[in-house]
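Chain by chain, the residues:
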Amino acid sequence: MSIKKTSLLILTLFCSATIAFGGNIKGKVYDKTTGESLPAATLVIDGTNRGFVTDLRGEFSIVGIEPGEYTLIVSYIGYQQKNIPISVSEERGTSLNIA
């Protein structure tokens, strides 16, 4: 196996192991009045450099988060920003439906 392939394999395994550990947050962002999902809503974990965008169904999945207490900042054009306190644990995932 060449050095490039070996390096790529090691990097891939390291990244996979890093993501596999830690907590996760998943859920959906939707309009409270209509129930319509909000695609491309922005989510940022306050105090980190981690940001995410919801998919076409308004769903998101954030993995590999260090356990602890955080504030999830959710924003969407034309809507008021929401700051949601969350607790992330390695043992169980955090599920949120954000209206």
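Residues numbered from 1 in each chain as written. Predicted model: local features only at pLDDT ≥ 70, side-chain atom pairs only at ≥ 80, totals over all residues. Heavy atoms only, no water.

**Q** How should the nonpolar core be read in this particular structure?
**A** The tendency in soluble globular proteins is for nonpolar side chains to be buried as a group. In this structure, Leu72 and Ile98 are the most contacted members of the largest nonpolar core, which totals 18 residues. Elements supplying a minimum of two residues to this core: strand 1 (23-29), strand 2 (42-45), strand 4 (59-65), strand 5 (68-75), strand 6 (82-88) and strand 7 (94-98). Not counting chain neighbours up to four residues away, the residues in contact with Leu72 comprise Leu43, Val44, Ile45, Ile62, Lys82, Asn83, Ile84, Ile86, Leu96 and Ile98. (Core = buried A, V, L, I, M, F, W, Y, C linked by side-chain atoms within 4.5 Å. Buried < 20%, exposed > 50% of the residue type's maximum accessible area, 1.4 Å probe, protein only. Helix = DSSP H or I, 4+ residues; strand = E, 2+ residues; numbered from the N terminus. Contact = heavy atoms within 4.5 Å.)

**Q** Which parts of the structure should I look at to understand the environment of Thr34?
**A** By secondary structure assignment, the location of Thr34 is in the loop between strand 1 and strand 2. Sequence separation of Thr34 and Ala99 is 65 residues, and the distance between their C-alpha atoms is 10.0 Å. Among the polar contacts made by the side chain of Thr34, one reaches the main-chain amide nitrogen of Glu36 at a distance of 3.1 Å. (Polar contact = N/O pair within 3.5 Å; in protein donor to acceptor, adjacent residues only side chain to side chain.)

**Q** So what exactly am I meant to see when it comes to the sheet that holds strand 2 here?
**A** Strands belonging to one sheet form pairs held by backbone hydrogen bonds; the direction of such a pair is parallel or antiparallel. Taken in spatial order, the four strands of this open sheet run 3-2-5-6, and their pairing is antiparallel. At either margin of the open sheet sits one strand with a lone partner, and together these are strand 3 (51-53) and strand 6. Strand-to-strand, the axes of this sheet are offset by a mean angle of 25°, without reference to chain direction. The sheet contact formed by strand 5 and strand 6 spans seven bridges and is antiparallel. If you follow Thr71 over to strand 6, its bridge partner there is Pro85. (Pairing = 2+ DSSP bridges. Axes fitted to C-alpha atoms, helices over the stretch in contact; angles between N-to-C directions.)

**Q** What exactly am I supposed to notice about the side chain of Asp31 here?
**A** With respect to the helices and strands, the residue Asp31 is situated in the loop between strand 1 and strand 2. Among buried charged residues, Asp31 stands out as having no salt bridge; its nearest opposite-charge side chain is Lys32, 9.6 Å away. Engagement of the side chain of Asp31 in a polar contact is seen with the backbone nitrogen of Thr34, the distance being 2.8 Å. A distance of 2.5 Å separates polar atoms of two side chains, one belonging to Asp31 and the other to Tyr79. With near-sequence residues (within four places) excluded, Asp31 lies in contact with Glu36, Leu38 and Tyr79. (Lys, Arg positive; Asp, Glu negative; His and termini not counted. Salt bridge = Lys/Arg side-chain N within 4 Å of Asp/Glu carboxyl O.)

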